[in-house]
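Secondary and tertiary structure notes
Here are the chains, one letter per residue:
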Amino acid sequence: MIRFALSRGLAALLMLWIVGTVVFAVLFIVPGDPAELLLSSDGEVASQESIDNLRHKMGLDRPIAAQYLDFLTGAIQFDFGSSLIDKVPVGETISLRLPRTLELILAGLALGLITGIPAGTLAGLRPGKSFDQVVSAANAILISVPGFVTGTLFIYIFAQWLRWLPAGGYVSFSADPLLHLKLLALPAITVGLHLFSIIFRMTRASVLEMRTHDWVRTAVAKGLQRKLVVRRHVLRNALGPIVTVVGLQMGILLGSTVLIEFVYNWPGLSGYLVTAVQQRDYPSVQAVILVVSALFILINFMVEMIYSALDPRIRLS
Amino acid sequence: MKRHKTFQLSKRGDIKMPDLSQNKLNVSRRSVLTGIGAGMTALALPGQTWAADGKTLRYGLSTFPPGLSPWNNTGNSSNNVKLCLYRGLMGYDPEANLVAEVAESYEWPDPKTVIFKLRDNAVFHNGEPVTAEDVIFTFDSIVAEESSAYLKSSFLNIEKIEALDAKTVKFSLKLPSAIFLKELSNYCAGLVWKGSAPDNPIGCGPFVKTADERGVFIEVTKFDDFYSPDQPICDKIRFTAYADQNLRYAALETGDVDVIEYLPWPQFDAVEQSETLKIGATVSPFMLMLFNVAKEGPFKDPKVRQAVGYAIQRQDVVDGAFAGRGTPLVGMPNPPGSPYDVSDPSIEYTFDPEKAKAMLAEAGYPNGFSCRLLATSTYGMHQDTASIVQAYLQMIGINTTLDLPDWATRVKKGKEGDYDIAVHGLSGYYNDPNALWPLLHSGPANYTRSFGFESARIDELLEKGRATMDEAERGAIYKELAKAYFEEVPQVPINWRAQAHAMQKPVKGFKAFPGWLNSSSAYSFDVSEPS
Amino acid sequence: MTFARLPIPRRMILPSLLLLLLVSAMFAAPLLTSADPIQIAISKRMAGPSWGHPFGQDEFGRDRMARVLYGGQVSLTVAFLASFIALAIGTFIGLIGAYFRGPFEFIAMRVSDVVLFFPPILLALLVVTIFGPGATTLVAVLALLYFPSFSRIAYAETLRVSALDFVEASRALGTRPRRIVLSTILPNILGAISVQFSLTAAATITVESGLSFLGLGVVPPAPSWGQMIRGARGFMDQDPLGIFVPCAALCLTIYSINFFCDRLRDVLDPKGMEDGKDAVSSASKTTSQIVELAPDNVAELSNLTLVYDQDKSGTQVELVRDLTLTIQRNKCTALVGESGSGKSLTSLALMALLPSAIRPANGHIAIERKSGATVDLTSLDTKTAEAVRGNDIAMIFQEPMTSLNPVLRVGAQMMETLQAHMELSSDDARDRCIAALERVGIPEAARRFDSYPHELSGGMRQRMMIAMALLCEPKVLIADEPTTALDVTIQAEIINLLRDLRADQAAGLSMLFISHNLGIVADIADSVAVMYSGEIVEQGPAEQVLFDPHHPYTAALLESMPSLHNELHSSRGDRLGAIAGTPPLRHSRPSGCSFRDRCPKAQDLCAEFHPALYSSEDGIRAARCLLAPEATAATAATEMLKEAM
């Protein structure tokens, strides 16, 4: 077990180094100058001299090798430097924003699991029946209407029309718990709908396969109640693939809730990432990607652990 | 002499469709609400969100300010907040008239000298009085070698600054300047206490920053020792960033905020018809086309550039890209509210494709040509304008391929001349033709000017206009400039676009400043109150 | 031309047609509308539907129908092109990585991983920023985004296929790797990859709309659905049609693609759709009929006919016909026959475990419960059925390897049986289970209790199954080929165990033993019933039937046994070695006697009469053959015979 963790850790470090280097190289190629951008917001004109002075202050006029070395030595010490834009240490911003994105994803995930697994199970147990057909068709709508459209629609319905919820934004839980939850509701539902469609499909397929296994018949023959059979001998076995897919989705969502964050003004990590790319805020982009990659690796690792816990036949090696 | 142009803000009458659907929506919404009953609306009244305790003005920003350093220009969202924290020698009263701000009074002993008398009661947020030394510190810092201040080049015109006594300061200019006071009123000319640490500049504005969460909100609280008696009126201003314009409007409509900037054009109708909201609109920035004239090719020839100017049906851009909110711009972009009238039909563009084709033929391109049209996908209005321009250029035989990179790449391409035609939006910060200086005067390559364009004639007129103090004389110079603008074709103007703040009806005092002063509207925070 | 000859399964026709219709509508856009998708008409902006513009006009006055059709061309071309490139690159990487292993594997899989670590939107943002937006960049971005999923699938599938015998064989024969990969492995992993392809194609269409919304997609004025949504979103409340039309198009396309690939998966891998094996959704009844049992019997199946409703038109297939069978108290009754003779179905009916598609059309199944009451299993409500199964009647299945749930400890699986039927504390239940394990001869029972099934050998697992079946001391035990899947030596142990257990159980245990192996049957059974094609063809006491078969089929079965008395040397094959042919299909049984096609003694009149099950005079034996002694004894049969002659 220790050897397993150790070898995994080493592989993870190697991957992070590759990812970091790729990001560094890509950012070097990407056109655009953070100094000029910062000084020319809203179509204003900045003098070349001002831009050069700011570039110097940002440390962008140093040789690329020196910048790379700095980045590496900093990253090893978990110091990603400060944002080029507002000089706030990037680590600080990430520790502020990452929990918000995680909260959004986890809330969405909870909704997706609560609805997706029962619906998928029901559909999988009775494929081709009306429930299966209705939900499968509704699912196609969910997948095909983009999050930014449902988002806008939800805001229109729940905020502007019914006035049940504020239109969007963020307050911290400690500042106002109720308002925090109200603001979380719509974006979490939007993420939840996305996850629902994936979890539903996966559960349905998995249940469809599992229900035909011999041990299910054994369980029925034992006189187990139907719901017990479904829970312990169908769903329990179907969980493996579902966990895998959910884990992968969570990793992907970490950096891709941007459209939802944008539409609802949820100040999370992926919105920060996109803004950082637009502003060419190199340290922020590098740090966010490294953090997201590290989390991705961690989630993959956890999925493996959960998988092996769910299925005793799988040994970690 | 002084004649304001009237700018048509209303939509053209012939477009009925949006109005109808708007009405329909309202009707159905009302009936549904009545049908469901009043209980539903009582469930959660968003008016309660971000409790408006005391007098907090809630302001919806279009982006979170990327920086609040007093002298760098980091965009209008930043400038709104900066005007709360910092004030300069000159400023604007709530009615947008240029007035002495931290200075109590000023006098011009000669055209190259101006003496400011500072207010006795002006103090910085740390309690230190504002002195002549602080003024000198501020301007020295702005023009310092390593400075990246927005107004550095403007203030390089200052020969020297002397403290006559603790509260009196004398500026000596290298050249006379008709717009020096306007430059001093800019949001990037705030006074900073001389003892400030570099990363914590202390100002003397009406508010103090008391809370912020990066990317979410900034809250400023009334500075009790502000020099204007009984101002500011509200206790706090809470700036919340809403990057998505649809959400920004939704937040206003639901009552989450009191005022928003950059009301999306499609929502103008809704606000104008609303019983709870009002609009403060002006025409401010303008859309234009820039050319790469350094490259061998058709656009080296001013005739070709002019032909492009005749090819565009400008009202269509206003309607298509700005939902009818704006006016065609047919000549030099003389700022709205400018003291001089430079209009003259003989130097204005009309929509005349035949003439455009004839001019192309004359320039040696009877069959047109193909080229690249640069805009950006980051801003929908640039992309939309470019799409319509593309359609009209097609009609005179100029086939364009759109190039729509993100904003950062767009800036770089503009600066490096990596384009043939570019669609762009520009503005100045005060209502005087000299505000066009950075857009027209030659200098190092810049994405706001046609690449490689230089005109001694235009440069000379701009310089003369700035150094001339006599109003009538200046008027004549700018009439001449308008002519040069038409003939040399540094840009092809397209249209003025409307820019609006929208706010709850009960909001008092806040004023959307006219024309290019619009970006200084934050001066009216001094007298704003939420209800 | 060759379309008719293409093997298109029936289930694929509808989804294929739908998809084809959609695609051809888009590519036939010039025929459907004369409007130019990029022709602006600002004065008509957001005009409602009209004859010239059925879907209205957009915010630039462009014809929305033309835009949605031409936009579909762009969106679909981009999606399919990107998916295809992703497929090619991903499959290549996965194949190389999995087939050559070593450093290839490491590099191939890490390359995919690095791509996965980049958030998709960021990847798109960076690529588009470097190369500028446009359809080509979009294809590149989407291909980049999706090739890892192909490489992962190709990798996993290749690993699976490489281990298969024929690949090992060709490798051993020295076939060149490229040939093996191209001609042996590739065709075998194509199924999984093609499903992934359709999934990816659907996903890319949605992602395209998201990227276009961010301004990273197709460059205007070229129409694309994402562009249309982006443009219309700002006017959503004023012109809802603007956002509805592209969203509906998107939705319809995704639905058809999903529909298509769901069906494709079903066709390529039909396992999931086999309703026949589905035990969970067995149909429930509501009425309970009272039936009587003869005092000597614990279970009676009388005149049972099981039918399978093939389709909605009402065509029925009779799987079991007019079957009457009794299980005598404390005796072992054997049910013998080839695969597909209906013996397993009969046993499932006896467990009230019939799959939902199969129902008893006629007859009753009566069993005596432990309480002494009698119930009819053909008309049990769900609750009673659950109470009967595992408690009053239990069953051991053929495959001990798959009959236990692999992810639960065997102890837990035993405990749940007990707890389903008795109020017991966990400790008591545990003690009882361990005692049961000891009874079936499992050493270190307490330790095995906490094992997972895969940690046990086949024989051990079957012992577990037996222990589990007997936990609640049922009156009737059904053993469905309990030894078929086991080694010969283990078979004997299990049979002996069953025999001993039957003797041990205090309340008595009646058994229905199902097998095709007459050797084992001779060893354990008191009476025998032989089934052929859904019917009992002969029954009677074991020693009589096995030593003096009256039905030619029984005789053939016996002949096919190499050494009946040499203990239990059975061939595991489930075929009749001595007689040619296979049992008839259920819906095409021959007229008259079902066995006549294969019967060595068949005569002309066998084709004319479907023989009844003729009983002997003493009622001990019965046979379903016109030539059997019982038949000649029956006068009615003789009459009929005469008439026929």
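Fair warning: this is a prediction, and the values are worked out from it, not measured in the lab.

**Structural notes on the overall build of chain A**
Within chain A, the secondary structure is distributed over 13 helices and zero strands. Secondary structure elements of chain A occur, N-terminal to C-terminal, as α-α-α-α-α-α-α-α-α-α-α-α-α. Each of the three principal axes of chain A carries a C-alpha extent, and together these read 85 × 60 × 35 Å. When each of the 317 residues of chain A is scored for burial, the buried share is 54%. Intrachain contacts of chain A at a sequence separation of at least 6 include 70% that bridge at least 24 residues.

**Comments concerning the overall build of chain B**
Of regular secondary structure, chain B possesses 16 helices and 17 strands. Residue burial in chain B is summarised as follows: out of 531 residues, 56% are buried. Pairs at least 24 apart in sequence give 71% of the contacts found in chain B among residues at least 6 apart.

**So, the environment of Cys332(C)**
Following the sequence through the fold, Cys332(C) ends up in strand β3 (residues 332-336). Distance from Cys332(C) to Asp526(C), taken between C-alpha atoms, is 5.2 Å for residues 194 residues apart in sequence.

**Some remarks on the interface of chain A and chain B**
Opposite the 47 residues of chain A that make contact, chain B presents 49 residues. Counting residues per element, the ones that place at least two in the side of chain A that touches chain B are α2 (34-39), α3 (48-58), α5 (90-125), α7 (147-161), α11 (258-264) and α12 (269-279) of chain A. The element that contributes the greatest number of residues to the side of chain A that touches chain B is α7(A), accounting for five residues. Classifying every residue of the side of chain A that touches chain B by side-chain character gives 24 nonpolar, 16 polar and seven charged.

**Things to note about the domain arrangement of chain A**
Residues and elements named next belong to chain A. Taken domain by domain, chain A consists of domain 1 (2-90) and domain 2 (94-316). Each of domain 1 and domain 2 has a C-alpha centre, and the two are 32 Å apart. Across the contact, 23 residues belong to domain 1 and 17 residues belong to domain 2. Counting only elements with at least two residues in the side of domain 1 that touches domain 2, the list comes to α1 (2-29), α2 and α4 (64-76). Looking at the side of domain 1 that touches domain 2, the element that brings in the most residues is α1, giving ten residues. Residues belonging to the side of domain 1 that touches domain 2 are distributed by class as follows: 16 nonpolar, five polar and two charged.

**A short note on the sheet that holds strand β12 (residues 622-623) of chain C**
Backbone-to-backbone hydrogen bonds pair the strands of a sheet. The strands run either parallel or antiparallel. As summarised here, the arrangement of the eight strands in space is β6-β7-β8-β3-β9-β10-β12-β11 (chain C), forming an open sheet in which the pairing is mixed. In this open sheet, the two strands that pair with only one neighbour each are β6 (393-396) and β11 (614-615) of chain C.

**Things to note about the sheet that holds strand β6 (residues 158-165) of chain B**
Residue and element names in this part refer to chain B. The strand order across the open sheet formed by four strands is β4-β5-β7-β6, and the pairing between neighbours is antiparallel. Bordering the open sheet on either side are β4 (103-110) and β6, each of which pairs with just one other strand. Ignoring which end each strand starts from, the neighbouring axes of this sheet average 20° apart. Across six bridges, the pairing between β6 and strand β7 (residues 168-173) is antiparallel. The residue of β7 that forms the bridge with lysine 160 is serine 172.

**Some thoughts on the interface of chain A and chain C**
Of the residues lining the interface, 63 residues belong to chain A; the matching set on chain C comes to 61 residues. Top element by residues in the side of chain A that touches chain C is helix α10 (residues 226-254) of chain A. It accounts for ten residues. Residue classes in the side of chain A that touches chain C are distributed as 39 nonpolar, 13 polar and eleven charged.

**Description of the nonpolar core**
Ranked by size, the top nonpolar core spans 433 residues in total, and within it Val288(A) and Met289(B) carry the most contacts. With 17 residues, the top contributor of residues to this core is helix α8 (residues 177-210) of chain A. Sequence-distant contacts of Val288(A), that is, excluding residues within four places in its chain, are made with Ile94(A), Leu269(A), Tyr272(A), Leu273(A) and Ala276(A).

**Topic: unusual backbone geometry**
A cis geometry characterises the amide bond from Gln231(B) onward to Pro232(B), with omega recorded as -5°. Note that Pro232(B) resides in the loop between β9 (217-222) and β10 (236-241). The phi torsion at Ala323(B) lies on the positive side, around 50°, for a residue other than glycine. A positive phi is found at Glu473(C), a non-glycine position, where the angle reads about 50°. Residue position: Glu473(C) is located in the loop between α17 (458-470) and β7 (476-480).

**A word on the environment of Pro187(A)**
Residues and elements named next belong to chain A. Within the fold, proline 187 resides in helix α8. With 68 residues separating them in the primary sequence, proline 187 and glycine 255 have C-alpha atoms 15 Å apart. Beyond its immediate chain neighbours, meaning those up to four positions away, proline 187 contacts Leu104, Ile260, Tyr264 and Trp266.

**Observations concerning the UniProt feature "transmembrane region" (unreviewed entry) in chain A**
Feature annotation in UniProt places "transmembrane region" (unreviewed entry) on residues 12-30, 104-125, 137-159, 179-200, 238-264 and 284-307 of chain A, given in this structure's numbering. Span residues 238-264 of chain A is 89% helix and 0% strand, its end C-alpha atoms 34 Å apart.

**Considerations on the packing of helix α5 (residues 120-131) of chain C against helix α6 (residues 135-162) of chain C**
All names here are of chain C. At a minimum axis distance of 10 Å, the contact between α5 and α6 shows a crossing angle of 145°. Of the two possible hands of crossing, α5 and α6 adopt the one that is right-handed. Within the contact between the two elements, α5 uses Pro120, Leu123, Ala124, Val127, Val128 and Phe131 and α6 uses Thr137, Ala140, Val141, Leu144 and Leu145. Here the residues of the contact of α5 with α6 sort into ten nonpolar, one polar and no charged.

**Observations concerning the confidence of the model for chain A**
Here chain A averages 85 in pLDDT, and 97% of its residues register 70 or above. Taken element by element, the predicted model of chain A shows its lowest mean pLDDT in α2(A) (80) and its highest in α5(A) (92).

**Thoughts on the environment of Leu239(A)**
Residue position: Leu239(A) is located in helix α10. With 72 residues separating them in the primary sequence, Leu239(A) and Asp311(A) have C-alpha atoms 9.4 Å apart.

**Details of the confidence of the model for chain B**
Residues and elements named next belong to chain B. Averaged over all residues, the pLDDT of chain B is 86; the fraction at 70 or higher stands at 90%. Confidence drops under pLDDT 50 across residues 1-52; counting only partners more than four residues distant or on other chains, this segment forms 55 contacts. ipTM for the predicted complex: 0.83, alongside a pTM of 0.82.

Scoring rules and cut-offs
- Residues numbered from 1 in each chain as written.
- Chains lettered and ligands numbered in written order.
- Predicted model: local features only at pLDDT ≥ 70, side-chain atom pairs only at ≥ 80, totals over all residues.
- Helix = DSSP H or I, 4+ residues; strand = E, 2+ residues; numbered from the N terminus.
- Buried ≥ 20, exposed ≤ 12 C-beta atoms within 10 Å, placed from the backbone.
- Contact = placed C-beta atoms within 7 Å.
- Nonpolar A, V, L, I, M, F, W, Y, C, P; charged D, E, K, R; others polar.
- Domains from an automatic or database assignment.
- Pairing = 2+ DSSP bridges.
- Axes fitted to C-alpha atoms, helices over the stretch in contact; angles between N-to-C directions.
- Core = buried A, V, L, I, M, F, W, Y, C linked by C-beta atoms within 7 Å.
- UniProt positions renumbered as here; feature names shortened; annotations may be inferred.
- Left-handed = near helix turned anticlockwise from the far one by under 90°.
- pLDDT = per-residue confidence, 0-100.

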